[in-house]
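Breakdown of the fold
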Amino acid sequence: MKKIGLKILGILVSLIVLLQSTIVFAAADTSALESEQNKNKEQINDLNDQKDQVQEEKSNTQEEVNDLSAQISDYQAQINDLDSKIDDLNNQIEESQKKLDEAQAKYNENKKLAEERLVVMQESGDTTYLDLILSSDSITDLISGYYLASELAEADTELLNNLESERQEVEKAKQDLESKKKELDTSKASKQSITTQLQAAKNEKTQRVAELTEDEQKIQEQIDELDEANKAIDAKIQAAIQAAKAKQQSNTSNKNSTSNSNSSGNSSSGTSSSGTSSASGSVSSSGFIYPVPAGYQKITTGMYYSSGAYHGAVDFGTGGINGKPIYAVADGTVIVSERLSGSYGNYIIIMHDNGLFTLYAHGQDGSRTVQVGDRVKQGQQIMRVGTTGNSTGPHLHFEVRTSPGKYSNRVNPKNYLP
Ligand SMILES: [Zn+2]
């Protein structure tokens, strides 16, 4: 009977070793995938921050561009106004040039006439002063002749003087117009130079907006890629969970066929130091039994320490618990069985068929009797109470989680125990 049991056990062990790799892979892969996903999410948050900054700078720069555009069109309107004023002045200048030419021509003509008249007077012998004197019969004649000549000369002189002053007036008016035009030209040139500067600034800022738009697009692409990656990881996690469940089920049915001989073999070794006792007792509505033997089931520390700090577990630390067996609270598959130098010390995590996970910590060195991938029965001894890792004295630190490897998914074990 025992020989057959051992033989079956041997077959079972090799079967477990086969299955184990898949289960280990599924369990380990999921947490790796989850941490990759979390890293991606952190990166997405960072990128979103960057995107916000880029968008803020972009909208500020765009506002500056709009402001510059408004200034440029303002200056452009002023330049257009100046242009039309300059056009007006050019017309006026042209007109006054015409008047000036006319005045000059009139002056020249009258001057010529006056000169001709003098020549005629001289030639006719009537009106030159000398002729006048020589031809005068009397002083009265001379005086009247002189007056006539001088009156003529005076009239000519006056006309010419008038024409000259008229010409000068026209010329002065033209000069005024020209200096006014020069002022407008200067003003226009300065406004044009400001416009050029504004245009350059606007071009620069428009270029910056284009760059920022490109940055924004690149960041968005990265965010999209990470989102895609996380979706792909989601799919992988789901597949891994499905695979783990499928393996677990086939493992269960394999074990069930041999569980009778297995458990009888185990229980026969009793309380030996190799540690394979099993517990029995009342079962909670969640299907859990106590993880420690009767007499040690008092919870000595709850979800919160006496200091008020979060504990996330219950401790069983009744005096004399050191070395007592720790039992699997329900059927399940071992997904972690390892020794940490600090923290939990020797600890085990079991994935139960109801989707919950239980964690058992601070076990004695060398007392872990289950490995990753092992199928455990409710009440099966998995370890003995100790004080390894971050522990001040022998106790069992017991956690219930709704998801493996996540502290945020710890729930109060009290609600799941009998
Ligand atoms: Zn604890």
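Residues numbered from 1 in each chain as written. Predicted model: local features only at pLDDT ≥ 70, side-chain atom pairs only at ≥ 80, totals over all residues.

**Brief notes about the overall build of the chain**
For the chain, the count of helices and strands is four helices and nine strands. Expressed as a percentage of its 418 residues, the buried residues of the chain come to 23%. Within the chain, contacts between residues separated by at least 24 positions form 70% of all contacts whose residues are at least 6 apart in sequence. (Helix = DSSP H or I, 4+ residues; strand = E, 2+ residues; numbered from the N terminus. Buried ≥ 20, exposed ≤ 12 C-beta atoms within 10 Å, placed from the backbone. Contact = placed C-beta atoms within 7 Å.)

**Section: the confidence of the model for the chain**
For the chain, per-residue confidence averages 80 on the pLDDT scale, and residues scoring 70 or more make up 76% of the total. Per-residue pLDDT stays below 50 along residues 15-28; that stretch engages in 23 contacts with residues further than four places along the chain or on separate chains. Contacts of residues 257-275 to residues separated by more than four positions or lying in other chains number 20 contacts, the stretch itself having pLDDT below 50. (pLDDT = per-residue confidence, 0-100.)

**Description of the nonpolar core**
Side chains of nonpolar character tend, in soluble globular proteins, to be buried together. In terms of nonpolar packing, the biggest core is built from 36 residues, with V292, I326, I348, I350, Y360 and I382 touching the most fellow members. Those elements that place two or more of their residues in this core are β1 (314-316), β2 (325-327), β3 (332-339), β4 (346-352), β5 (357-363), β7 (381-384) and β8 (396-401). The element that contributes the greatest number of residues to this core is β4, accounting for five residues. The residues contacting I326, other than those within four sequence positions of it, are P291, V292, Y360, G363, Q381, I382, M383, R384, V385 and L396. (Core = buried A, V, L, I, M, F, W, Y, C linked by C-beta atoms within 7 Å.)

**Description of unusual backbone geometry**
Notably, H362 is not glycine yet its phi reads approximately 70 degrees, a positive angle. For H362, the position within the fold is in strand β5.

**Section: the environment of Y344**
Among the secondary structure elements, Y344 is positioned in the loop between β3 and β4. Given 23 C-beta atoms within a 10 Å radius, Y344 is considered buried. Considered as a pair, Y344 and S391 are 47 residues apart in the sequence and their alpha carbons are 8.1 Å apart. Discounting chain neighbours no more than four positions away, the residues touching Y344 are A361, H362, G389 and H397.

**A short note on the environment of Q37**
Summarising the element assignment, Q37 is placed in helix α1 (residues 2-124). Residue classification places Q37 among the partly exposed positions, given that 19 C-beta atoms sit within 10 Å. Separated by 195 residues in sequence, Q37 and A232 have C-alpha atoms that sit 9.7 Å apart.

**Notes on the pairing of β8**
Counting buried positions along β8 yields six of six residues, so the element is predominantly enclosed. The pairing of β1 with β8 spans three bridges and is antiparallel. Across the sheet, residue V314 finds its bridge partner in β8, namely F398. Here five bridges tie β5 to β8, and the two strands are oriented antiparallel to one another. Paired with F357 across the strands is R401, a residue of β8. Examined bridge by bridge, β8 and strand β9 (residues 410-411) share two bridges and lie antiparallel to one another. What sits directly across from V400, in β9, is V411. (Pairing = 2+ DSSP bridges.)

**What to know about the environment of Q371**
Take Q371: it is sitting in the loop between β5 and β6 (375-376). A count of 14 C-beta atoms within 10 Å places Q371 in the partly exposed class. Sequence separation of Q371 and I348 is 23 residues, and the distance between their C-alpha atoms is 8.6 Å. If sequence neighbours within four positions are ignored, Q371 has contacts with V334 and S337.

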